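Residue strings, one per chain:
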There are 2 protein chains.
Amino acid sequence: MIICMEPIEIFKALSNESRLQILHWLKDPEKHFTPHEGIDMRKIGVCVCQITDTLKMTQSTTSQYLSILQRAGLVTAERIGKYTYFKRNEEAIREIGAFFTNEM
Amino acid sequence: MIICMEPIEIFKALSNESRLQILHWLKDPEKHFTPHEGIDMRKIGVCVCQITDTLKMTQSTTSQYLSILQRAGLVTAERIGKYTYFKRNEEAIREIGAFFTNEM
DNA sequence: TTATCATATCGAAAGTTTCCGATGTGTCAA
DNA sequence: TTGACACATCGGAAACTTTCGATATGATAA
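Residues numbered from 1 in each chain as written. Chains lettered and ligands numbered in written order. Predicted model: local features only at pLDDT ≥ 70, side-chain atom pairs only at ≥ 80, totals over all residues. Heavy atoms only, no water.

Some remarks on the packing of helix 2 (residues 17-25) of chain A against helix 5 (residues 59-71) of chain A
Working note: a packed helix pair is described by the angle between its axes plus the distance between those axes. Residues and elements named next belong to chain A. For the pair helix 2 and helix 5, the least separation of the axes is 10 Å and the interaxial angle reads 75°. Judged by the angle between their axes, helix 2 and helix 5 are roughly perpendicular. Of helix 5, the residues touching helix 2 (which contributes Ser 18, Arg 19, Ile 22 and Leu 23) are Tyr 65, Leu 66, Ile 68 and Leu 69. Considered class by class, the residues forming the contact of helix 2 with helix 5 number six nonpolar, one polar and one charged. (Axes fitted to C-alpha atoms, helices over the stretch in contact; angles between N-to-C directions. Helix = DSSP H or I, 4+ residues; strand = E, 2+ residues; numbered from the N terminus. Parallel < 35°, antiparallel > 145°, perpendicular 65-115°, else oblique. Contact = heavy atoms within 4.5 Å. Nonpolar A, V, L, I, M, F, W, Y, C, P; charged D, E, K, R; others polar.)

Structure follows, in structure tokens:
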């Protein structure tokens, strides 16, 4: 187990339709977002404003939800210039799947 | 997918220390409960009053938590005489693990 | 049939989550 | 160096969850 998991934090983060939605969109970012030029969405991520648009909630709510997902370890953030790009933490998600299968 | 899953309901059910605890105890019932005579805890389950004792919360809370776990499909209940025996739904739990690994 | 035990359900106080608008902070371009 | 944009954070109203005690329901035994 490389990533330190707080199962309750993870399950809480996943207990909300919008956050589940975001995680799902980020699985296939090309389908749901337009890339910034020079940014590979799959490698770097998607910025908060694009997620805000797709989510149809305020920037404030989107930012909070992303930070809940980040604290749970489900996504990672990278700031480039004025944008912060979020992408799935596939390794952590795989480990949670394994945890569920083996420990639950 | 045999069992109909509501991921949000499942994650909500798992977002609570006591409910996670119950699910964990039921994995190895011999370790945490005393069997009723003639009842194989692994096959039939554990009654609400024993779970109440181990949980150290009221009967009312325990009963509600079990019913949340049941609605999420994580446990099943069987009434025998005046007792209701709850046990893990191993198949559903396995499917949730698979769902997590494949769909999340 | 009534008393008793096991369980479920109701109603409520306290705590948490959801989601917002307003405001603060970091970055870049003019 | 200021204006504008992207993002984070604060404070709060409404909705939901946690947990309880009281009470209802179901089953059995006397």
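Alright, that's what it looks like, and here's the rest.
Focus on the packing of aromatic side chains
Under the counting rule described, the total for this entry stands at seven aromatic pairs over all chains. Between Trp25(B) and Phe33(B) the ring centres are 6.3 Å apart and the planes differ by 80°, which places this aromatic pair in the edge-to-face class. The buried category is assigned to Phe33(B), whose relative accessible area is 6%. Site record: aromatic cluster; members linked through ring pairs are Phe11(A), Phe100(A), Phe11(B) and Phe100(B). For the cation-ring pair, Arg19(A) lies above Tyr65(A), with the distance from its terminal atom to the ring centre recorded as 5.0 Å. (Phe/Tyr/Trp six-rings, centres within 6.5 Å; stacked < 30°, edge-to-face > 60°. Buried < 20%, exposed > 50% of the residue type's maximum accessible area, 1.4 Å probe, protein only. Lys NZ or Arg CZ within 6 Å of the ring centre and 35° of its normal.)

Remarks on the sheet that holds strand 3 (residues 83-88) of chain B
All names here are of chain B. The sheet built from three strands is open, its strands ordered 1-3-2 with antiparallel pairing. Of all strands in the sheet, those bounded by a partner on one side alone are strand 1 (46-47) and strand 2 (75-80). For strand 2 and strand 3, the ladder comprises six bridges, and the chain directions are antiparallel. Paired with Arg 79 across the two strands is Thr 84, which belongs to strand 3. The sheet strands contacting helix 2 (residues 17-27) are strand 1, strand 2 and strand 3, and the helix crosses strand 3 at an angle near 85°. (Pairing = 2+ DSSP bridges.)

Focus on the interface of chain B and chain A
Each side of the interface is counted separately: chain B has 19 residues, and chain A has 19 residues. Among the residues of chain B in contact with chain A, Ile8(B), Phe100(B) and Met104(B) are the three that bury the most area, contributing 35% of the side total. Applying the counting rule to chain B against chain A returns zero salt bridges. Across the contact surface, chain B and chain A share ten residue pairs in polar contact (both at pLDDT 80 or more). Ranked by residues supplied to the side of chain B that touches chain A, first place goes to helix 6 (residues 90-103) of chain B with seven residues. (Buried area = accessible area lost by both parts, 1.4 Å probe. Salt bridge = Lys/Arg side-chain N within 4 Å of Asp/Glu carboxyl O. Polar contact = N/O pair within 3.5 Å; in protein donor to acceptor, adjacent residues only side chain to side chain.)

Regarding the protein's contact with DNA strand D
Close to DNA strand D lie 22 residues; Cys49(A), Ser63(A), Thr84(A), Ser60(B) and Tyr65(B) are nearest. Here, DNA strand D places atoms within 4 Å of the protein, and 67% of those atoms are sugar or phosphate. For DNA strand D, a base nitrogen lies 2.9 Å from a polar atom in the side chain of Gln59(A). Between DNA strand D and Thr61(B) there is a distance of 2.9 Å, counted from a phosphate oxygen to a side-chain nitrogen or oxygen. For the surface near DNA strand D, the secondary-structure elements that each account for two or more residues are helix 4 (48-55), helix 5 and strand 3 (83-88) of chain A together with helix 5 (59-71) of chain B. Counted by class, the surface near DNA strand D contains six nonpolar, eleven polar and five charged residues. (Near = heavy atom within 4 Å.)

Purely spatial values, then, with no claim about function.
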